[in-house]
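Architecture at a glance
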Amino acid sequence: MSILKSLAAATLSGLLLTTAAFAEDKPVVGLVMKSLANEFFQNMMVGAEAHAARRGDYELRAVGMQNETDFESQINAVENFITEGVDVIVIAPADSRAMVGPIKKAIEAGITVVNFDVALDAAAKTEAGLELAFVGPDNRGGAKLAGDALGKALGQGGKVVIIEGNPSADNANERRLGFEDSIAEYGLELVDSRTAHWETEEANSVFSTMLTANPDIQGVMAANDSMAIGVVRALEAAGRTDILVVGFDNVPAVGPMIEDGRLLATVDQFGTDMAANAIDLGLGVVAGGPPLEGWVKTPVSLVTK
Amino acid sequence: MDTTANTRQGLKELINRAGIGLALLGLVVFFSVFTEHFLTANNITNILTQITINLILAVGMTFVILIGGIDLSVGSIMAFAAVIAGKAMTMPGLGPTEAILLAVMAGLLAGMLCGLLNGFLSAYWSIPSFIITLGMLNIARGAALQVTDAQTVYAFPKEFSEFGSSLIFGVPVVFILALLLVAVAWFILNHTILGRMIYGIGNNEEAVRLAGHSVFRYKMIAFTICGLTAGIAAIVYMARLNIASPIAGIGFELNAIAAVIIGGTSLNGGRGSVIGTLMGALIIGVLANGLILLGLSDFMRQMITGVVLIAAVLLDQYRARYGRST
């Protein structure tokens, strides 16, 4: 037992030493990600690692979470980074309110914080007296690109349904609003709008039931591609080729569907580069550049055949 | 007088046994009256497709719950089996038939192995299966993510996805497969020594042990069957959606457990049937479908599903007590 203990102590002091070794010349960037089980964030992480290797002038420390709602481990990660004294924290908040406190603490500790992917809640920021720029895509604008593509194809009065993401997620809300903007602009008729929690199987089930209730649906707006895939499969199973589908994210699996027209359009928000870009911005500030302000929009673009 | 008493007794017995079927019938009648599309051929096909995965998982879960265990890992095992099968199916240089055969075998084997491990660990050290399978929930999920690097596996042969959406007289082939599983499970549970042992362990493990039977062995078999059904569910999932996602099946274990319990199988083990499980899965499916057709909001839908689950268990408690007193 005592051997085990001393072994543990040795390992621990080893860890502490490596941590201390950061404090050399290269700035250290702590990247706090969302769920790495999500292919989108996994790719983003790979992109950031490649970026760190390419630039070579900073040290990357990345932390992910187990699932989308596990914001406690994000809070822990931020606190650990504060203790370690990193120079920059680049964070995709799992919860736009819960993360305000820890981020404020990091800024007070003199760390440059870059908030990307999902913006912190404006009201919560004001309440905490926190001013922080947001670097990220316009989810609403992006969804509107896809919605507009559908609107153009269907024309006035086209009957559409929305498949929403998690009801409590900000990007899900933003995308729904974007779809609704298109619906208003193109005079479409919204027949039904339901969540499938970002999930393929649930989207497949929920949409086939919606189709039964509304056989005259002409278009589907899915808030991510995973759900769009479920919708496309439901249409194939029902033998319907007359219904147009749009998605969001441009995941590899929808490539063939865009190609053969089963998916009319999706939206690319260049997730692979997103963390890397945010890191560049943060390092720019550390190097003496001006602080980030307001909303630094990252590109979104429509993907069609 | 005697005969009326008998008839009444018989009627009570019938209601007792058919309680869950009556509840299902009630739901069907309700949705048929209050929604326009519920009782259409298309919608019935939809419901059957939608419940298939849950039914398959619940059949395996019935074995585990009957021995007084629980398996929280079936959703994760399903994802793990799916990505293993998906990787096998998309291996370069395979013809469609070989690819599908290899994938099916790999998926089933992956599921069985996970189940075997669940059974071995919990039975050998007599650790509550709740905790072992909670561990497996994480292990299998992590393994699925590790194997795929969190990427969705896709591009399966066309023949495979056609199987996922093909119908025979309007009945989904995958559902027929699930029904076959129910039949096999029913036969095992009612007409084999294995079945008798499974009920026996759930009722009185010590008695089975004292009678000289290996409780360990039968527990392992029950968990392996549960893992196998998770593997079968994985194949159906892939055929239906034409992808294999490492984050598939999150929370599916709870739906499977719900189907088993709504179907009247006791969480304490030893009492219940796989036919009840079929009814339970149908009730959950009919409810999910009907509430959407009714136009209820997602949140209301979730609440009502919860209420029905509790009501079913209460009904079962009542039935168990009532059954004892007569």
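These numbers were taken from a predicted model, which means no experiment stands behind them. (Residues numbered from 1 in each chain as written. Chains lettered and ligands numbered in written order. Predicted model: local features only at pLDDT ≥ 70, side-chain atom pairs only at ≥ 80, totals over all residues. Heavy atoms only, no water.)

**Quick notes on the nonpolar core**
In this structure, I163, F207 and V220 of chain A together with L57, M78 and M238 of chain B are the most contacted members of the largest nonpolar core, which totals 141 residues. Core analysis: the second largest hydrophobic core is formed by 22 residues, V29, L31, F41 and M274 of chain A among them. (Core = buried A, V, L, I, M, F, W, Y, C linked by side-chain atoms within 4.5 Å. Buried < 20%, exposed > 50% of the residue type's maximum accessible area, 1.4 Å probe, protein only.)

**Some points on the pairing of strand β4 (residues 112–116) of chain A**
All names here are of chain A. The element β4 is extensively covered by neighbouring structure, given that five of its five residues are classed as buried. Burial along β4 is two-sided: the face carrying T112, V114 and F116 and the face carrying V113 and N115 are both buried. As judged from the four bridges shared by strand β3 (residues 88–91) and β4, these two strands associate in the parallel manner. Bridge pairing in β4 links V88 to T112. Crossover β3 to β4 through helix α4 (residues 100–108) is right-handed. Here two bridges tie β4 to strand β5 (residues 134–137), and the two strands are oriented parallel to one another. The partner of F116 across the bridge, within β5, is V135. (Helix = DSSP H or I, 4+ residues; strand = E, 2+ residues; numbered from the N terminus. Pairing = 2+ DSSP bridges. Right-handed = clockwise from strand over helix to strand, strands pointing away.)

**Overview of the interface of chain A and chain B**
Taken together, the contacts link 27 residues of chain A with 33 residues of chain B. When chain A packs against chain B, the two sides together hide about 2,500 Å² of surface, and 52% of this comes from carbon and sulfur. On the chain A side of the interface with chain B, the three residues burying the most area are R194, E201 and R233 of chain A, jointly 25% of the side's total. The tally of links between chain A and chain B comes to two salt bridges. Taking the shortest distance from any N to any O, the salt bridge between D298 of chain B and R194 of chain A comes out at 3.1 Å. In this structure, the connection of chain A to chain B is made through 20 residue pairs in polar contact (both at pLDDT 80 or more). Looking at the side of chain A that touches chain B, the elements with two or more residues in it are α2 (39–55), β7 (189–195), α8 (200–213) and α9 (225–238) of chain A. Counting residues per element, the side of chain A that touches chain B draws most heavily on α8 of chain A, which supplies ten residues. (Contact = heavy atoms within 4.5 Å. Buried area = accessible area lost by both parts, 1.4 Å probe. Salt bridge = Lys/Arg side-chain N within 4 Å of Asp/Glu carboxyl O. Polar contact = N/O pair within 3.5 Å; in protein donor to acceptor, adjacent residues only side chain to side chain.)

**Comments concerning helix α9 (residues 215–241) of chain B**
The end-to-end C-alpha distance of α9 of chain B, which contains 27 residues, comes to 39 Å, matching closely the 39 Å that a straight helix rising 1.5 Å per residue would cover. A large share of α9 of chain B lies buried, amounting to 23 of its 27 residues. (Expected span 1.5 Å × (residues − 1).)

**Digging into the domain arrangement of chain A**
By domain assignment, chain A separates into domain 1 (18–132 + 272–297) and domain 2 (139–268). Averaged C-alpha coordinates put domain 1 of chain A and domain 2 of chain A at centres separated by 32 Å. (Domains from an automatic or database assignment.)

**Thoughts on a nonpolar patch on the surface**
Side chains of L22, L25, V29, F30, V33, F34 and L294 of chain B sit close together on the surface and give an oily, nonpolar patch of about 660 Å² of accessible area. Structurally, V33 of chain B can be placed in helix α1 (residues 2–34). (Patch = residues over 30% accessible without salt bridge, like charges linked within 9 Å, V, L, I, M, F, W, Y side chains within 5 Å. Areas by Shrake-Rupley, 256 points an atom, 1.4 Å probe, with all protein chains shown as cover.)

**What to know about the confidence of the model for chain A**
A low pLDDT means the predicted coordinates there should not be read in detail. Looking at chain A as a whole, the pLDDT averages 90, with 92% of positions reaching at least 70. Scored below 50 in pLDDT, residues 14–23 of chain A shows five contacts in the model against residues more than four places distant or in partner chains. (pLDDT = per-residue confidence, 0-100.)

**Quick notes on the packing of helix α4 (residues 96–124) of chain B against α9 of chain B**
All names here are of chain B. Look at α4 against α9: their axes get within 7 Å of each other, and the N-to-C directions meet at 150 degrees. One finds that α4 runs roughly antiparallel with respect to α9. Crossing geometry of α4 relative to α9 is assigned as right-handed. A breakdown of the residues in the contact of α4 with α9 according to their chemical character gives 14 nonpolar, nine polar and one charged. (Axes fitted to C-alpha atoms, helices over the stretch in contact; angles between N-to-C directions. Parallel < 35°, antiparallel > 145°, perpendicular 65-115°, else oblique. Left-handed = near helix turned anticlockwise from the far one by under 90°. Nonpolar A, V, L, I, M, F, W, Y, C, P; charged D, E, K, R; others polar.)

**A closer look at the sheet that holds β3 of chain A**
Residue and element names in this part refer to chain A. Here we have six strands laid out as an open sheet, ordered β2-β1-β3-β4-β5-β11, and parallel in their pairing. The open sheet has two edge strands, β2 (59–65) and β11 (295–298), and neither has a second partner. The mean angle between the axes of side-by-side strands here comes to 20 degrees, regardless of whether they run parallel or antiparallel. As defined by bridge partners, strand β1 (residues 28–35) adjoins β3 across four bridges and the pair is classed as parallel.

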